[in-house]
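Geometric and topological summary
The chain contents come next:
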Amino acid sequence: MDESVIGFWQGLFSGIDWTFLPSEIAVFIVLMLWLWALWPTVEIRRLIQDPAKQTQILIATIALTGLWLLNANVTVGIHVHFLGLVVLMLMYGWRLASLIALLPTLFFAVFVFKHPADFAIYALLGVCLPIFGCFILYSQMFKYLPRHLFIYIFCGAFLNGFLSILLHVLAWSVWLLLTTDYSWEFLSHNYLVIIPLLGFPEALLNGMAVTILVVYRPEWLYDYSDRTYLWKK
């Protein structure tokens, strides 16, 4: 094998800390319990029988991983990147989206954090919590607001995009406050301050993506229907 290829793989895996503390194992168990509680049995069965959707999910996973790699490492433990979780939720439902997002999370923990033990806590606070929070907003929107395309895009995608960043940053800030030497003042000045700076582009990104899907690929959206949002009653 070419020495440059060997050097690439050695560099990729060098510096990775494979140690697991008891607390990190406990967090991993909590993640497993959460996944057990939300396990999308029906969606998984349908997915097994649908090769086209399997390919679609593979492409979505690669795209999400690429989006996360556009990452600004502010300081140790603080990473700034777009999420794209709302589009994933609106395409596959919050349960399946939570599972799909675990693969980019694992990649991020191993090759960006260089600490695989952070996978579970980042999955819980950085992925599962934002997706679940966005699902709550989306379900309440569907329950109380009129069925209108503008509401679906603005509330379901745009506002949820901002909410995903808000929950992601707040939850991770609390974790850093509890587990590192960072003070709340330091986190406020170096991490929380980016919520509006990252939240609005995230909202725009999700809103534009969902708009394109509504126009060109409405069948890719989990529970969108022209009959519900466009046709006059």
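Below is a summary of the structure that appears in this document. (Residues numbered from 1 in each chain as written. Predicted model: local features only at pLDDT ≥ 70, side-chain atom pairs only at ≥ 80, totals over all residues. Heavy atoms only, no water.)

**Focus on the pairing of strand 1 (residues 72-75)**
Put simply, the rule is: For two strands to be treated as a pair, DSSP must find at least two bridges joining them. The secondary structure listing takes helices from DSSP runs of H or I that are at least 4 residues long and strands from runs of E that are at least 2 residues long, numbered from the N terminus.
Bridge count between strand 1 and strand 2 (residues 78-80): 3 bridges; the pairing is antiparallel. Of the residues in strand 2, the one forming a bridge with asparagine 73 is histidine 79. Taking the residues that link successive antiparallel strands as the turn, the strand 1-strand 2 hairpin has 2 residues, and the phi of glycine 77 there is positive, at about 90°.

**A word on the packing of helix 6 (residues 102-111) against helix 7 (residues 119-144)**
Heads up, the condition is: For every element, the axis is a line fit to its C-alpha atoms; helices are fit only across the contacting stretch, and the angle between N-to-C directions ranges from 0 to 180 degrees. Orientation labels follow simple angle bins: below 35 degrees gives roughly parallel, above 145 gives roughly antiparallel, 65 to 115 gives roughly perpendicular, and whatever is left gives oblique. Take the far helix as the reference: if the near one is turned anticlockwise from it by less than a right angle, the crossing is left-handed, and if turned clockwise, right-handed. Whether two residues touch is decided by their heavy atoms; if any such pair falls within 4.5 Å, the residues are in contact. Here the nonpolar group is Ala, Val, Leu, Ile, Met, Phe, Trp, Tyr, Cys and Pro; Asp, Glu, Lys and Arg are the charged ones; every other residue, Gly included, is treated as polar.
In contact at an axis separation of 9 Å, helix 6 and helix 7 are set at 130° when each is read in the N-to-C sense. As the angle between them shows, helix 6 and helix 7 are arranged oblique. Where helix 6 crosses over helix 7, the handedness of that crossing is right-handed. Residues Leu102, Thr105, Leu106, Phe108 and Ala109 of helix 6 form the contact with helix 7, whose own contacting residues are Phe119, Tyr122, Ala123 and Val127. The residue inventory of the contact of helix 6 with helix 7, partitioned by class, reads 8 nonpolar, 1 polar and no charged.

**Let's talk about the nonpolar core**
As a reminder of what qualifies: Take the buried Ala, Val, Leu, Ile, Met, Phe, Trp, Tyr and Cys residues and link them wherever side-chain atoms come within 4.5 Å; each set so joined is a nonpolar core. Here the term buried applies to any residue with accessible area under 20% of the maximum for its type, exposed to any over 50%, and partly exposed to those in between, with areas from a 1.4 Å probe on protein chains only.
Residues Leu90 and Tyr152 are the most contacted members of the largest nonpolar core, which totals 69 residues. Leaving out residues up to four positions away in the same chain, tyrosine 152 has contacts with Leu90, Tyr138, Met141, Ala157, Val210, Val214, Leu221, Tyr224 and Tyr229.

**Some points on the environment of phenylalanine 132**
Here phenylalanine 132 shows up in helix 7. Along the primary structure phenylalanine 132 and serine 98 are separated by 34 residues, whereas in three dimensions their C-alpha atoms are 8.5 Å apart. Leaving out residues up to four positions away in the same chain, phenylalanine 132 has contacts with Trp34 and Trp94.

**Some points on the packing of helix 8 (residues 149-179) against helix 10 (residues 194-216)**
Relative to each other, helix 8 and helix 10 sit at 145°, their axes nearing to 8 Å. Seen along the crossing, helix 8 lies across helix 10 with a hand that is right-handed. Its residues assigned to classes, the contact of helix 8 with helix 10 shows 19 nonpolar, 6 polar and 1 charged.

None of the figures reported here should be taken as evidence of function without further support.
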